[in-house]
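As a plain string of letters, each chain reads:
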Amino acid sequence: MRDTLKHQGLRNKLVQNLIKKSITDKNVLKAIAKIPRHLLLDSAFEYHAYQDKAFPIAAGQTISQPYTVAFQTQLLQIKPGDKVLEIGTGSGYQAAILNVMGAEVYTIERIKELYLTAKQNLEKIGIRLKHMAYGDGYKGLPLYAPYDKIIVTAAAPYVPEALVTQLKSGGRLVIPVGDDLQEMKLLIKDENEQIIESSHGTFVFVPMLQNKD
Ligand code: SAH
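Quick notes on the rules
Residues numbered from 1 in each chain as written. Predicted model: local features only at pLDDT ≥ 70, side-chain atom pairs only at ≥ 80, totals over all residues. Heavy atoms only, no water. Phe/Tyr/Trp six-rings, centres within 6.5 Å; stacked < 30°, edge-to-face > 60°. Helix = DSSP H or I, 4+ residues; strand = E, 2+ residues; numbered from the N terminus. Lys NZ or Arg CZ within 6 Å of the ring centre and 35° of its normal. Pairing = 2+ DSSP bridges. Axes fitted to C-alpha atoms, helices over the stretch in contact; angles between N-to-C directions. Contact = heavy atoms within 4.5 Å. Near = heavy atom within 4 Å. Polar contact = N/O pair within 3.5 Å; in protein donor to acceptor, adjacent residues only side chain to side chain. Areas by Shrake-Rupley, 256 points an atom, 1.4 Å probe, with all protein chains shown as cover. Nonpolar A, V, L, I, M, F, W, Y, C, P; charged D, E, K, R; others polar. Buried < 20%, exposed > 50% of the residue type's maximum accessible area, 1.4 Å probe, protein only.

1. Looking at the packing of aromatic side chains
For any pair of aromatic rings, the description consists of the separation of the ring centres together with the inter-plane angle of the planes.
Part 1: A full pass over the atoms with the stated rule returns eight aromatic pairs.
Part 2: With 5.0 Å between their ring centres and 40 degrees between their planes, F45 and F55 make a pair best called tilted. With F45 in the loop between α2 (26–34) and β1 (55–56) and F55 in strand β1, this pair connects stretches of sequence that are ten residues apart.
Part 3: Judged by centre distance (5.7 Å) and plane angle (65 degrees), the ring pair of Y106 and Y147 falls under edge-to-face. In this pair, Y106 sits in strand β4 (residues 104–109) while Y147 sits in strand β6 (residues 147–152), placing the two residues 41 residues apart along the sequence.
Part 4: Through successive ring pairs, a cluster of aromatic residues spans Y67, F71 and F203.
Part 5: The ring of Y93 is capped by R37, whose NZ or CZ atom sits 5.3 Å from the centre of that ring.
Part 6: Its guanidinium or amino end placed over the ring of Y147, K83 lies 5.6 Å from that ring's centre, counting from NZ or CZ.

2. Quick look at the sheet that holds strand β9 (residues 195–203)
Part 1: Pairing within the open sheet is mixed, and its seven strands lie in the order β5-β4-β3-β6-β7-β8-β9. Every interior strand has two partners, whereas the edge strands, β5 (131–134) and β9, have only one. Adjacent strand axes in the sheet meet at a mean angle of 15 degrees when their direction is disregarded.
Part 2: Bridge count between strand β3 (residues 83–87) and β6: four bridges; the pairing is parallel. By the bridge assignment, L85 is partnered in β6 with I150.
Part 3: This element, helix α5 (residues 112–124), spans β4 and β5 of the sheet and lies at about 160 degrees to β5.

3. Focus: the site of the ligand
Part 1: The full set close to the ligand counts 27 residues, and G88, S91, E109, G137 and L209 are the nearest of them.
Part 2: Within the contact set of the ligand, a nitrogen atom lies 2.9 Å away from a side-chain nitrogen or oxygen of E86.
Part 3: Within the contact set of the ligand, a nitrogen atom lies 2.9 Å away from a backbone nitrogen or oxygen of G88.
Part 4: Calculation on the ligand without its partners gives an accessible area of 580 Å², and the protein chains cover 100% of this total.
Part 5: Of all the secondary-structure elements, those providing two or more residues to the shell around the ligand are β2 (62–63), β3, α4 (93–100) and β4.
Part 6: Within the shell around the ligand, the residues separate by chemical class into twelve nonpolar, eleven polar and four charged.

4. Focus: the pairing of strand β7 (residues 167–177)
Part 1: Burial within β7 is extensive, with eight of its eleven residues counted as buried.
Part 2: Here six bridges tie β7 to strand β8 (residues 182–189), and the two strands are oriented antiparallel to one another. Bridge pairing links L173 to L187 in β8.
Part 3: Hairpin connection between β7 and β8: a loop of four residues separates the two successive antiparallel strands, and G178 in this loop has a positive phi of roughly 150 degrees.

That is the geometry; function is a separate question.
The structure is reproduced here in structure tokens:
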């Protein structure tokens, strides 16, 4: 598969759709217009890639809906040079968006098969992340901590303590918390290391898996 003008046209339409759904961060919209999402999906979904929908990837997992990716990224307030940790690499789409926005991206995936295909697919579209890890997101990635921003892209039953610890002061953590439905939580660590928490609507994610195989 290639990236063509037709795909670019579909991406521009998707951006217009996200603006209607009140995504306002111009840098997020520019990133969505840039990343060839269809090249990160199974080829069967080539022409579905730019609908605002979640789609299956391997191992029973999903690539998040573009609106959800845009919404979480907007909450993070990404600036070029931000050091960002992502939990749940999946297809690599969210990581690619953060990368083209100028973030230094560290990402963790718990399923080996997905970790390997995301690596290959990102390479194919010319994206090289700072670090891709195969491991357990509940533990974060202490080796490279602290992070300016942390994003969790699977449904967490609670906010893992390790992630709060690995956040810089002034940093932002965006995480969907809950069982069947999740509440999108934003945790900001202030200068005194106090956590300020707010809620930003209801979403549905695949569950964050507990134990590494
Ligand atoms: N950010 C992804 C969304 C993938 S869905 C994208 O843009 O495509 C959530 C992903 O989280 C799945 O790939 C799943 O395997 C992974 N995941 C689930 N539990 C995890 C854990 N404990 N640690 C790391 N990744 C996990």
